[in-house]
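# Geometric and topological summary
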Amino acid sequence: MSQKQWIAGINAVAAALEHDAEHVREVLIEAGAKNPRIVEIEANARRMDIDVRRVATQALDGVVGNLRHQGVVARYAAAKTWNENELEALVEAAEGRALLLILDGVQDPHNLGACLRSAAAAGVTAVIIPKDKSVQVNATVRKTSAGAADSVAVIPVTNLARTMRDLQKLGVWLYGLAGEADTSLYSLDLRGNVGLVLGGEADGLRRLTRENCDQLVKIPMPGAGSLGVESLNVSVAAGVTLFEVVRQRGVAK
């Protein structure tokens, strides 16, 4: 059984049961586990008529390999996979309020998982990643995202620069995050169709990606000089920028 068909860890399994139970096929729990959260997961799964089995620790290790499972894993039929040809329809359905997160070459699955978690919480229209030179959604991403990886539209694209140009033709304004930019994120009007473009951990935005942004902007960091901090982690930057959009749009629940 491919590791990609399993999610592991208390938060990830609990989130899958809460938000996407229809895709959970089976829950495996370490025999003798007494953690109250695992007991709650077991009760929730049984209430939903999802098969639950108590198994040896070695069985869990064999299912997920080196991934830390915390005593619980779930066999998961992944939610809908998205194709880049569906992007236009998603933007049009947002009726002028599309919010896209474009990640240019994020390599660390933990960073991608954290970005997806923020994206889901912010109600993004879609997250766009390149098919090449970027981590794809895998078991580690699913675990880090606490279920968000399968609740938000993640769209791998063959040619990121071309996709960005296509988005611009659809009326999406693309803002690239770059520490050397002159314009502050907080000076923008982010209430229309917006794409936030963030670079990878090592090199930031690639040249072609930069050139296809409508504008480069920065997150002001008044303490950067004294602390020697040149940039934020990509997942932190994603959270900051996404929730500035949420703030401006006045979304309240």
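Let me sum up the structure you'll find in this document. Per chain, residues are indexed from 1 in the order of the written sequence. This being a predicted model, a pLDDT of at least 70 is required before a residue's local features are given, and a value of 80 or more before pairs of side-chain atoms are given or counted; all residues contribute to the totals for chains, interfaces and linings. Side-chain numbers here rest on the full set of heavy atoms in the structure, without hydrogens or water.

## Some words on the pattern of salt bridges
Two side chains with opposite charge may pair up if their charged atoms get near one another. For salt bridges, the criterion is a side-chain nitrogen of Lys or Arg within 4 Å of an Asp or Glu carboxyl oxygen. As enumerated under the stated definition, the model contains ten salt bridges in all. The partner of E26 in a salt bridge is R53, with the nearest N and O atoms 2.6 Å apart. Here E26, found in strand 2 (residues 24-30), pairs with R53, found in strand 3 (residues 51-55); they are 27 residues apart in sequence, far enough to count as distant. Residue exposure (1.4 Å probe, protein chains only): buried if accessible area is under 20% of the type maximum, exposed if over 50%, otherwise partly exposed. The buried category is assigned to E26, whose relative accessible area is 11%. Here E42 makes a salt bridge to R46, at a shortest N to O gap of 3.0 Å. Secondary structure elements are taken from DSSP: a helix is a run of H or I of four residues or more, a strand is a run of E of two residues or more, and numbering for both begins at the N terminus.

## Digging into the sheet that holds strand 10 (residues 194-199)
Strand pairing is defined by DSSP finding a minimum of two bridges between the two strands. Taking strand neighbours across the sheet as the criterion, the seven strands line up as 7-6-5-10-8-11-9 in an open arrangement whose pairing is parallel. Edge positions in the sheet fall to strand 7 (154-157) and strand 9 (183-184), since each of these pairs with one other strand and no more. The pairing of strand 8 (residues 173-177) with strand 11 (residues 215-218) spans three bridges and is classified as parallel. Bridge assignment links G176 to a residue of strand 11, and that residue is L216. Throughout, a residue-residue contact means that at least one pair of heavy atoms, one from each residue, lies within 4.5 Å. Convention adopted: a line fitted to C-alpha atoms gives each axis, helices being fitted over their contacting stretch, and angles between N-to-C directions are expressed from 0 to 180 degrees. In the packing of helix 7 (residues 160-169) onto the sheet, contacts are made with strand 5 (99-104), strand 6 (126-130), strand 7, strand 8 and strand 10, and the angle to strand 5 comes to roughly 160°. Helix 10 (residues 234-249) contacts strand 5, strand 8 and strand 10 of the sheet and is inclined by roughly 165° relative to strand 10.

## Concerning unusual backbone geometry
Backbone geometry at D49 places phi at a positive 60°, although glycine is not the residue there. The residue D49 is located in the loop between helix 2 (36-47) and strand 3 in this model. Assessed through its relative accessible area of 70%, D49 is described here as exposed. Even without being a glycine, E95 presents a positive backbone phi close to 50°. Along the polypeptide, E95 turns up in the loop between helix 4 (87-93) and strand 5.

## What to know about the pairing of strand 3
When strand 2 meets strand 3, the two strands line up parallel, connected through five bridges. Bridged to V27 within strand 3 is V52. Look down the strands so they point away from you; if the path from the first strand over the helix to the second goes clockwise, the crossover is right-handed. Taking the sense of rotation as the criterion, the β-α-β connection linking strand 2, helix 2 and strand 3 turns out right-handed.

## Considering the packing of aromatic side chains
Note on ring pairs: Phe, Tyr and Trp rings are taken, using the six-membered ring of Trp, and paired if centres are within 6.5 Å. Classes follow the plane angle, with under 30 degrees stacked, over 60 edge-to-face and the rest tilted. All told, the structure shown has one aromatic pair when counted by the stated rule. Here the aromatic rings of W173 and Y175 are separated by 6.4 Å at their centres, their planes lie at 50°, and the arrangement is tilted. Judged by its relative accessible area of 42%, W173 is partly exposed. Overall, the relative accessible area of 8% leaves Y175 in the buried class.

## Some points on the environment of T125
In this fold, T125 is placed in the loop between helix 5 (109-122) and strand 6. Its relative accessible area of 16% is what places T125 among the buried residues. Once the C-alpha coordinates of T125 and G195 are considered, the two residues, 70 residues apart in sequence, prove to be 9.8 Å apart.

## A few points about the packing of helix 1 (residues 10-19) against helix 2
Running from amino to carboxyl end, helix 1 crosses helix 2 at an angle of 25°, the nearest separation of the two axes being 10 Å. When the interaxial angle is binned, helix 1 and helix 2 end up roughly parallel. Viewed along their axes, helix 1 and helix 2 form a crossing whose handedness is left-handed. Seen from helix 1, the contacting residues are I10, N11, V13, A14 and L17; seen from helix 2, they are R37, I38, I41, N44 and A45. Side-chain classes are defined by residue name, with Ala, Val, Leu, Ile, Met, Phe, Trp, Tyr, Cys and Pro counting as nonpolar, Asp, Glu, Lys and Arg as charged, and the others, Gly among them, as polar. Among the residues making up the contact of helix 1 with helix 2, the classes are represented as seven nonpolar, two polar and one charged. An angle below 35 degrees is treated as roughly parallel, one above 145 as roughly antiparallel, one from 65 to 115 as roughly perpendicular, and anything else as oblique. Crossing handedness is defined as follows: a turn of the near helix away from the far one that is anticlockwise and smaller than a right angle gives a left-handed crossing, while the clockwise case is right-handed.

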